[in-house]
Amino acid sequence: MRLLLAALAWVVCVGGVALWTSARTAVGSGTPPARAGAEGVFTVEATVSFAAEPDLFALETEGEKAAALRVTVNGAEVLRAESRVLPGRPLVSAPAPAVFAGRNELFVQAHPPQRDLARSHAVRIRVLRDGEPVAERTFWTVPGTPLAETFPLDIPAAAAPGDAHGH
C-alpha cells in the first residue's frame, strides 16, 4: 500500500511539473512581439575620466580587436574604441538604430590602464535624441576591476513638445 501511495505521489508531482513547464514553454514560444522604434535620431556620448586602453587579457578574434571602450544598446554595438581613449574628450556614436519606445538597456564596458587599475575611475554616458539629452548617468569603477555596467532606460515614443527645435 505504501509503495502504491509513493508511486502515485511521484506521478502527481512529476506530472504536475511536466504539465506546468509545457504550459510555460507554449506561452513563451514563438517570436517576440515587434517593438516600435522611438521617434528621432539617437546617439550615445561617452566621456571617460581616465585614459582607457584595450584590455591586455581580452581574447581577440579574427577581425575584432580588444576594445578600450564599448557601448551597446539593446545588444547592438553603437560605440567602440579599439585604441586609447583620452580622458575628458567625449566620443559620440553614429545614430543608434536599436533604440525602441519603452524599456531599453545600455551596456558600458571600459578598461582603465593596468598602472591605474587600483584607483576608481568614472565613465559618463549621455543618450541624446536629435542632439538633446534624454538621459545621462555616471558610472564608477571598483578599484582593481574594469567597468562593466548596465543602464536601464525608458524612452517615450515621441519627443516632448518642449524638445522640438523647429524655427
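Scroll up to find the structure.
Residues numbered from 1 in each chain as written. Predicted model: local features only at pLDDT ≥ 70, side-chain atom pairs only at ≥ 80, totals over all residues. Heavy atoms only, no water.

(A) The overall build of the protein, seen in detail. When helices and strands are tallied, the protein shows one helix and eight strands. When the helices and strands of the protein are listed from N to C terminus, the series reads α-β-β-β-β-β-β-β-β. Taken across its 167 residues, the protein has 29% of its residues classed as buried. Considering only contacts within the protein whose residues lie at least 6 apart along the sequence, 66% involve residues at least 24 apart. Total accessible area on the protein stands at roughly 10,800 Å², and carbon and sulfur atoms take up 61% of it. (Helix = DSSP H or I, 4+ residues; strand = E, 2+ residues; numbered from the N terminus. Buried < 20%, exposed > 50% of the residue type's maximum accessible area, 1.4 Å probe, protein only. Contact = heavy atoms within 4.5 Å. Areas by Shrake-Rupley, 256 points an atom, 1.4 Å probe, with all protein chains shown as cover.)

(B) A look at the sheet that holds strand β6 (residues 122-129). Strand order in this open sheet of four strands is β4-β1-β6-β7, and the pairing throughout is antiparallel. The strands lining the two open edges of the sheet, one partner per strand, are β4 (91-92) and β7 (132-140). (Pairing = 2+ DSSP bridges.)

(C) Here's a closer look at the side chain of Thr-43. Summarising the element assignment, Thr-43 is placed in strand β1 (residues 42-48). Assessed through its relative accessible area of 14%, Thr-43 is described here as buried.

(D) Spotlight on the pattern of salt bridges. Across all of its chains, the model carries nine salt bridges by this definition. Across the salt bridge formed by Glu-77 and Arg-80, the nearest N and O atoms sit 3.0 Å from each other. A relative accessible area of 40% means that Glu-77 is categorised as partly exposed. A salt bridge links Arg-119 to Asp-116; the nearest nitrogen and oxygen atoms lie 4.0 Å apart. (Salt bridge = Lys/Arg side-chain N within 4 Å of Asp/Glu carboxyl O.)

(E) How the structure looks around unusual backbone geometry. Look at Asn-74: it is not a glycine, yet its phi comes out positive at around 50°. With respect to the helices and strands, Asn-74 occurs in the loop between β2 (69-73) and β3 (76-81). On the basis of relative accessibility, which here comes to 30%, the residue Asn-74 falls in the partly exposed class. Positive phi, close to 55°, is recorded for Asp-130, a residue that is not glycine. Along the polypeptide, Asp-130 turns up in the loop between β6 and β7.

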